[in-house]
Amino acid sequence: MTTELNKTNPTLDLVIHISLSLACATIVTVLFIITQCRQSFQAKREEFISTIRKINATKTKAKAPKKKNVDMDETNDDDEPFIIGFFHPHCSAGGGGERVLWKIIQALGELKEGKLISGGRRRREKKSSKGNVDILGSLDESDLKKLKQLSVIVYTVDDPSESFKRDLFEHVRDRFSIDIPSSFSINFVHLHEVKYLLDKPKRLTMIMESLGTMQLAWNALHTITPHVFIDTTGCAFTFIVAKILAGCKIGAYVHYPTISTDMLSLVWERRPTYNNNSEIATNPLITYVKLIYYLIFATCYGLAGSLADLTMVNSNWTKGHIQSLWRLARGGIHVVFPPVNTKILEGISLSDPPRENLILSIGQFRPEKDHILQLKSFALLLEKYDGEMKKYNVKLILIGSCRGDDDYERVDQLKKLTKELNIQDYVEFVLNQPYSVLHEYLGKASLGIHTMWNEHFGIGVVEMMAAGLVTIAHDSGGPKSDIITNPWDFKAPHESSSLNSNATGLLASQKGEYAAAMYEVLKRGSLSEDTLKVRENGRKASKRFSDEEFMDSFKEVFLSSSLLK
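From a predicted model like this one, the values you see are computed outputs, not experimental measurements.

What the protein chain contains, in helices and strands, is 20 helices and 16 strands. Pairs at least 24 residues apart make up 73% of the contacts formed inside the protein chain by residues separated by at least 6 positions. Of the accessible surface of the protein chain, which amounts to about 26,800 Å², a share of 53% is contributed by carbon and sulfur atoms.

Right, dumping it as structure tokens:
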């Protein structure tokens, strides 16, 4: 019996040996493919560097070879450039994400010119678990040389043209008041021929979009391969291509997580929203299938994001979600608040002339902005306090941009809703207007309203506070965690209300709460001691998100990271 037990099964041994051989062969094949890919990408980088050197040698673009679909720029030195590539396909758009991109590039330009630390306050030391570390002292000669040789690549799906770079820089200056240093080498890789990869799919949206960005990143890096790849659009799956296949170091500025625990909770609780329609929410079987799909995607997203060497996020709310997903991320996760041009808004007077009874909403006409809640809250305000509101001549102004036909259709639906609520005479839509029009409304409106659930940050909220509006934001996300951290509790007795000390705005989540908050502000009047105090506090609090604060914070995080190593 013992002899039989000790006998081996030849068939089982064969299966084990074959399995081990296949596993080893697979590993060797994968390693070989990765090695070949890295060599190919390295050759692309060397080709670009060689082209730059030829440009520097001749000092004329006409005599230097020019790569297809690449806007070439010269550098001022003959040494090898240190290339940082930005994955931002729609770099010419005019949103908050684009402002972050160009502010980062402007900061890198200043670093190249030797302006390592800017701003009026000291930021030379960064607190760590080991004590105070001098950031400048941590830079060796090699790091400083790389800063002097910085060269930027921007991967874009915009069509190339002879005047593309000039027109884009003029747009950046006019739209964002950002000037790029003339000495800074910035080149563009145009991926217009494959921009269809970003088309929104009808099914399995998150997976298909992620695969599309990976293919786009492959095309981008196969044109020019940088030393550092920075994604500023939230496309974490591009890290797989850039890190594993191309061998780049990875930086990320995350505006919002592609998937979050809140999204999982919505599906689990079967609550219908703009991204969880009622047909799915009311069907238990489909709900569970979608939940499994979300869990699998969240796991893959976390693994891809963990490839980043430096991760920056725009708010503490975003940081919390990214930390729960990118558990293996190296270099830590740093909050770098997005830049807001608060300086141009601080010149608006808080009281002279007195503010009009206008309630201002700022934001693109996208479903997640929840303009419907604004209209219903305003309708409740007029209904509940009808006589007083007519006396105050209150109006709701919705200012925003429309990206395409879907947004215009959404505005038409909102206009129909105003008629159904019988508030059409008190609501005005202002679409696709220049910044000067927004600035004018910010100077005369009394209140600001924001209704997006779990907004990742809330640039519009900061702009309204900086302009002196008493701002009512949604009681969630970035506005709650970072912006209106001292909300006014108007229900508290006046003598104990925090308004008298440091309240910076109000928070609400339901239409009844919004209506009550709007009424409490309007009935006090724009020149009352209470409202003037909250305006002053709000403007003071908004300075934490200024351009100068962003530049200092980004430089500090960038210089203390491993991206230059």
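Alright, that's what it looks like, and here's the rest.
Another point: the side chain of Q374. Along the polypeptide, Q374 turns up in helix 12 (residues 371-384). A relative accessible area of 3% means that Q374 is categorised as buried. Discounting chain neighbours no more than four positions away, the residues touching Q374 are S361, K369, L396, L398, I449, H450 and T451.

Turning our eyes to something else, we now look at the nonpolar core. Residues L221, F229, F239, I259, Y301 and W326 are the most contacted members of the largest nonpolar core, which totals 52 residues. Broken down by element, the residue count for this core peaks at seven residues, all from helix 10 (residues 284-305). The next biggest cluster of nonpolar side chains, apart from the first, holds 41 residues, and it includes W102, L139, L150 and I230.

A few words on the sheet that holds strand 11 (residues 358-362). Spatially, six strands are ordered 13-12-11-14-15-16 in an open sheet, and the strand pairing comes out parallel. At either margin of the open sheet sits one strand with a lone partner, and together these are strand 13 (427-431) and strand 16 (506-508). Each strand axis lies, on average, 25° off the axis of its neighbour in the sheet, ignoring direction. Across three bridges, the pairing between strand 15 (residues 470-474) and strand 16 is parallel. Note that in strand 16 the partner of I472 across the bridge is L506. Sheet strands in contact with helix 15 (residues 435-444) are strand 11, strand 12 (395-400) and strand 13, and its direction is about 140° off that of strand 11.

What follows covers the confidence of the model for the protein chain. For the protein chain, the average pLDDT comes to 85, and 86% of its residues sit at 70 or higher. Between the elements of the protein chain, mean pLDDT differs from a low of 43, seen in strand 3 (residues 125-128), to a high of 98, seen in strand 7 (residues 228-231). Scored below 50 in pLDDT, residues 119-133 shows 23 contacts in the model against residues more than four places distant or in partner chains.

Between two aromatic rings, the relevant description is the distance of the centres plus the angle of the planes. Tallied over the entire structure, the rule returns 21 aromatic pairs. Taking the centre distance of 5.5 Å and the plane angle of 40° together, the rings of F237 and F297 count as tilted. With F237 in the loop between strand 7 and helix 7 (238-245) and F297 in helix 10, this pair connects stretches of sequence that are 60 residues apart. Judged by its relative accessible area of 4%, F297 falls in the buried class.

Attention now moves to the pairing of strand 5 (residues 150-156). Taking burial as the measure, the seven residues of strand 5 include seven buried ones, the bulk of the element. Inspection of the sheet shows strand 2 (residues 82-87) paired to strand 5 by six bridges, in the parallel sense. When the bridges of strand 5 are listed, F86 appears paired with V154. Crossover strand 5 to strand 6 (residues 185-190) through helix 5 (residues 164-176) is right-handed.

Turning our attention to the environment of M518. Looking at the secondary structure, you find M518 in helix 18 (residues 511-524). Dropping the residues within four chain positions of it, M518 is found in contact with I359, S377, F378, L381, L447, I449 and I472.

Let us look at the pattern of salt bridges. Tallying each qualifying case throughout the model produces 17 salt bridges. A salt bridge links K343 to E548; the shortest N-O distance between them is 3.3 Å. Taken as a pair, K343 in the loop between strand 10 (333-335) and strand 11 and E548 in helix 20 (residues 547-559) lie far apart in primary sequence, 205 residues in all. Here K343 falls in the exposed class, since its relative accessible area comes to 55%. According to the relative accessible area criterion, E548 is partly exposed, its value standing at 40%. Between K444 and E440 there is a salt bridge, and its shortest N-O distance comes to 3.8 Å.

Residue position: M263 is located in helix 8 (residues 261-268). Each C-alpha atom, one on M263 and one on Y294, is 8.6 Å from the other, the two residues being 31 residues apart in sequence.

Turning our attention to a negative patch on the surface. Taken together, D405, D406, E409 and D412 make up a surface patch of like negative charges. In this structure, E409 sits in helix 14 (residues 405-420).

Together, L204, I207, M208 and L211 make up a nonpolar patch on the protein surface, roughly 330 Å² of accessible area in all. Within the secondary structure layout, M208 lies in helix 6 (residues 205-223). In this structure M208 comes out as partly exposed when scored by relative accessible area, which is 39%.

Conventions adopted
- Residues numbered from 1 in each chain as written.
- Predicted model: local features only at pLDDT ≥ 70, side-chain atom pairs only at ≥ 80, totals over all residues.
- Heavy atoms only, no water.
- Helix = DSSP H or I, 4+ residues; strand = E, 2+ residues; numbered from the N terminus.
- Contact = heavy atoms within 4.5 Å.
- Areas by Shrake-Rupley, 256 points an atom, 1.4 Å probe, with all protein chains shown as cover.
- Buried < 20%, exposed > 50% of the residue type's maximum accessible area, 1.4 Å probe, protein only.
- Core = buried A, V, L, I, M, F, W, Y, C linked by side-chain atoms within 4.5 Å.
- Pairing = 2+ DSSP bridges.
- Axes fitted to C-alpha atoms, helices over the stretch in contact; angles between N-to-C directions.
- pLDDT = per-residue confidence, 0-100.
- Phe/Tyr/Trp six-rings, centres within 6.5 Å; stacked < 30°, edge-to-face > 60°.
- Right-handed = clockwise from strand over helix to strand, strands pointing away.
- Salt bridge = Lys/Arg side-chain N within 4 Å of Asp/Glu carboxyl O.
- Patch = residues over 30% accessible without salt bridge, like charges linked within 9 Å, V, L, I, M, F, W, Y side chains within 5 Å.
- Lys, Arg positive; Asp, Glu negative; His and termini not counted.
- Charge placed at Lys NZ, Arg CZ, Asp CG, Glu CD.

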